[in-house]
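# Examination of the molecular architecture
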Amino acid sequence: MTVRVRFAPSPTGLLHVGNAFIALHNWLFARKAGGTFLLRLDDTDVERSTPEFASAIERDLTWLGLGWDAIARQSDRTARYGEAAERLKKAERLYPCFEMQEELEAKRRNQLRRGLPPVYDRAALALGEAERRHLIESGHRPHWRFRLDAGMVEWNDLVRGPQHIDGASQSDPVLVRADGRYLYTLPSVVDDIDFAVTHVIRGADHITNTGTQIQLFRALDAAPPVFGHLPLLVDETGAGLSKRLGALSLDELHRSGLEALTVDAYLARIGTGDPMEPVMDLGDLLSAHDLAKFGGGSPRFDPRELAHLNARALHAMPYGAVEHRLAELGQAGIDETAWIALRGNIERLVDIGDWWQVCQGRVVPIVEDKGFAETAASLLPPGPWDDQAWATWTAAVSKATGAKGKALFRPLRLALTGRDHGPEMRNLLPLIGRDRALRRLAGEPE
Ligand code: GLU
């Protein structure tokens, strides 16, 4: 069996980390199995779906490196949904209903008041042919419900293990609205059948749909796929992510300068118990990937942990992996030596510009003891410098002034960089160069 999975967002908004979590696990699952990853745009809601959101989805997935093997749009496939609906009508699994919203709500309230589960009472199923005809002729347009079979629907969930849902505990779901539009349930099943999807990996918010959808697969004479329901991410306070989607959109994470691979590595491990480690390639996430690693809890999305992982990734990143991006940032002057010297002090790639400025740009030197700085300047070894120059120089300064430890190093760093912290001076000094060092020790702002 060739594994085929799909990621099926609705283009009604920007993707956020919760969506990316689902997309990534589908992608990893497919790639690990040598299978296929499909992108399906669930754009049946014509009012809320936009081409701009659809292209933003493609852009964000591309940024994360989650390429797809094929793309489908539900809006292109309405005819197929119509065929399936006709088939279900013929089999008397899809039946017309005429209740108005208020009527359904009143029934629901009544049931709850009597301590009954608020399950649709199937009143419409009891209508005779003549009554139906009469309602339609007098201008009522029906919506259509799928008649669920009573009894347990069971499946072995890839993430949660054995699951069951009692068909009798659910209302017959509406598949087609009175205006003829399809709700999500039927198109999703028809697509999963037509595209031969073998594994449906999605959020735990879809568990109740799964009972219905398994019945739908069977009603359409198809074998249901394997299902896996991933836990839903929560924020640091334990609340669902939905309220903060703006800040947690992939677009926002991208703009904030995070590495796409950091987001991938973070989302691959969160909730699994695997250690958070940076990766240099998406493929590095494949061998440990296993949906069964998720426990019962909701993984906590912590932006600080993500930022920390990003910093760790950068601190270990080889020059080849960033060279072209440095050029894009207008920092083509940063060569391999400079990158290795500076990378340990950045959290995001853009921060490198700040340290590069300290090496080669303008700084305001801080010279607290002019005499000390003058002596130090007079002892600067001749260039060119390598990473031994700092040791040679500071030994000479120490000998001449008697200063040691912090009293020796701090004034030199303050004068040369205008800051009291930063990359190792041994590496910075050659990047600053002799002329600049002399000017800075003299306290001249550049
Ligand atoms: N469009 C649905 C959603 O975004 C897809 C659910 C599914 O994967 O079946 O929730």
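Chains are numbered independently. Their residues run from 1 in the order of the written sequence. Under the rules for a predicted model, residues below a pLDDT of 70 receive no local features and side-chain atom pairs below 80 are neither given nor counted, while totals for whole chains, interfaces and linings still include all residues. Where side-chain values are given, they derive from all heavy atoms of the structure, hydrogens and water being excluded.

## Quick notes on the overall build of the protein
Basically, it comes down to this: Put simply, DSSP H or I for four residues or longer makes a helix, DSSP E for two residues or longer makes a strand, and each gets a number counted from the N terminus. The globule rule used here is 2.2 Å times the number of residues to the 0.38 power, and the radius of gyration it is set against is calculated over C-alpha atoms. Exposure classes here rest on a 1.4 Å probe applied to the protein chains alone. A residue is buried below 20% of its type maximum, exposed above 50%, and partly exposed in between. Two residues qualify as a contact provided that any one of their heavy atoms is within 4.5 Å of a heavy atom in the partner residue. Working definition of accessibility: Shrake-Rupley area with a 1.4 Å probe, residue cover restricted to the visible protein chains. His is not counted here, nor are the chain ends, while Lys and Arg score as positive and Asp and Glu score as negative. For charged residues, the charge sits on one atom: NZ in Lys, CZ in Arg, CG in Asp, CD in Glu.
Each helix and strand counted, the protein has 18 helices and 10 strands in total. Here the protein has a C-alpha radius of gyration of 31 Å; the compact-globule value for 446 residues is 22 Å, and the former is much larger. In terms of principal-axis extent, the alpha carbons of the protein reach across some 110 × 45 × 35 Å. In the protein, which comprises 446 residues, the share counted as buried stands at 47%. At a minimum sequence separation of 6, the contacts of the protein that also span at least 24 residues come to 74%. Total accessible area on the protein stands at roughly 21300 Å², and carbon and sulfur atoms take up 51% of it. Of the side chains in the protein, 54 bear a positive and 61 a negative charge, and the two mean positions are spaced by 2 Å.

## Section: helix α11 (residues 319–328)
What counts, and what does not: Note that the arc is computed from the directions linking the helix axis to the C-beta atoms.
Of all the residues in α11, the buried ones are Y319, V322 and L326. Buried residues of α11, seen end-on, are gathered within an arc of 80° and therefore sit on one face of the element. Away from its buried face by more than 90 degrees, α11 exposes G320 and E328. Close packing links the buried residues of α11 with α12 (336–342) and α13 (352–360). Immediately downstream of α11, the backbone of G330 shows phi near 80°, a positive value.

## A few points about the sheet that holds strand β8 (residues 174–176)
Under the convention used in this document: What makes two strands pair is DSSP finding at least two bridges between them. Working convention: axes come from line fits to C-alpha atoms, limited for helices to the stretch in contact. Angles between N-to-C directions cover 0 to 180 degrees.
Read across the sheet, 3 strands follow the order β4-β5-β8 without closing on themselves; strand pairing throughout is antiparallel. A single partner strand is all that each edge strand has here, and the edge strands are β4 (94–97) and β8. Strand-to-strand twist across the sheet, computed as the mean angle between neighbouring axes with direction ignored, equals 45°. Of the strand pairs in this sheet, strand β5 (residues 143–146) and β8 are connected by 2 bridges, and their pairing is antiparallel. Bridge pairing links R145 to V174 in β8.

## Details of the packing of α13 against helix α17 (residues 425–432)
Think of two packed helices as two axes; the pair is described by the angle between the axes and how far apart they sit. Applied cut-off: Any angle between 65 and 115 degrees counts as roughly perpendicular, while under 35 counts as roughly parallel, over 145 as roughly antiparallel, and the rest as oblique. Each residue gets one of three labels, nonpolar for Ala, Val, Leu, Ile, Met, Phe, Trp, Tyr, Cys and Pro, charged for Asp, Glu, Lys and Arg, and polar for the others, Gly among them.
At a closest axis distance of 8 Å, the pairing of α13 and α17 adopts a crossing angle of 60°. Viewed along their axes, α13 and α17 adopt a mutual orientation that is oblique. Contact residues: W356, V358, C359 and Q360 in α13; L428, L431 and I432 in α17. Residues that form the contact of α13 with α17 fall into these classes: 6 nonpolar, 1 polar and no charged.

## Examining the site of the ligand
Threshold: We call a residue near a molecule or strand as soon as one heavy atom of that residue lies within 4 Å of the molecule or strand. Any pair of N or O atoms that falls within 3.5 Å is considered a polar contact. Within protein, one atom must be able to donate a hydrogen and the other to accept it, and sequence-neighbouring residues count only if both atoms are side-chain atoms.
Close to the ligand lie R6, A8, S10, D42, Y184, S188, R202 and H206, which account for all nearby residues. R6 has a polar side-chain atom sitting 2.6 Å from an oxygen atom of the ligand. At 2.8 Å from a nitrogen atom of the ligand is found a main-chain nitrogen or oxygen belonging to A8. Contact with the protein chains covers 79% of the free accessible surface of the ligand, which is 300 Å². Split by residue class, the shell around the ligand holds 2 nonpolar, 3 polar and 3 charged.

## With respect to unusual backbone geometry
Apart from glycine, the bulk of residues carry a negative phi angle, and the bulk of peptide bonds sit in the trans form. In this structure, the amide linkage connecting G383 to the following residue, P384, adopts the cis form with an omega of -10°. Tracing the chain through its elements places P384 in the loop between α14 (370–378) and α15 (389–401). Phi angles above zero are rare outside glycine, and D221 is one such case at about 60°. Of note, D221 is situated in the loop between α7 (207–219) and β10 (226–230). Exposure remark for D221: the relative accessible area of 67% places this residue in the exposed category.

## Notes on the domain arrangement of the protein
Note the following rule: All the domain ranges listed were derived from an automatic or database domain assignment.
What the domain assignment lists for the protein is domain 1 (4–72 + 182–230), domain 2 (80–176) and domain 3 (362–441). The gap between the C-alpha centroids of domain 1 and domain 3 is 59 Å.

## Quick word on the packing of helix α9 (residues 260–269) against helix α10 (residues 303–315)
Threshold: For any pair of crossing helices, the crossing counts as left-handed if the nearer helix is rotated counterclockwise from the farther one by less than a right angle, and right-handed if it is rotated clockwise.
Where α9 contacts α10, the two axes come as close as 9 Å, and the packing angle between them is 125°. Of the possible angle classes, the one that applies to α9 and α10 is oblique. Crossing of α9 over α10 shows right-handed handedness. Contacts from T262, V263, A265 and Y266 in α9 reach E305, L306, L309, N310 and A313 in α10. By residue class, the composition of the contact of α9 with α10 is 6 nonpolar, 2 polar and 1 charged.

## So, the pairing of β10
Counted only if it meets this: Whether a crossover is right-handed depends on one test, that the path from the first strand over the helix to the second runs clockwise when the strands point away from the viewer.
Burial of β10 is extensive: 4 of the 5 residues sit out of reach of the surface. Alignment of strand β9 (residues 199–203) against β10, held across 5 bridges, turns out to be parallel. Across the sheet, residue H199 finds its bridge partner in β10, namely V226. Running through α7, the crossover from β9 to the neighbouring parallel element β10 is right-handed.

## Overview of the nonpolar core
For clarity, the cut-off: The term nonpolar core refers to a set of buried residues drawn from Ala, Val, Leu, Ile, Met, Phe, Trp, Tyr and Cys, joined through side-chain atoms within 4.5 Å.
Counting residues in hydrophobic clusters, the biggest one holds 48 residues, and the most contacted among them are L267 and F301. At the level of elements, β1 (4–7), α1 (17–32), β2 (36–41), α2 (51–64), α8 (250–255), α9 and α10 are the ones that each hand at least two residues to this core. Of the residues forming this core, the biggest block, 10 residues, is contributed by α1.

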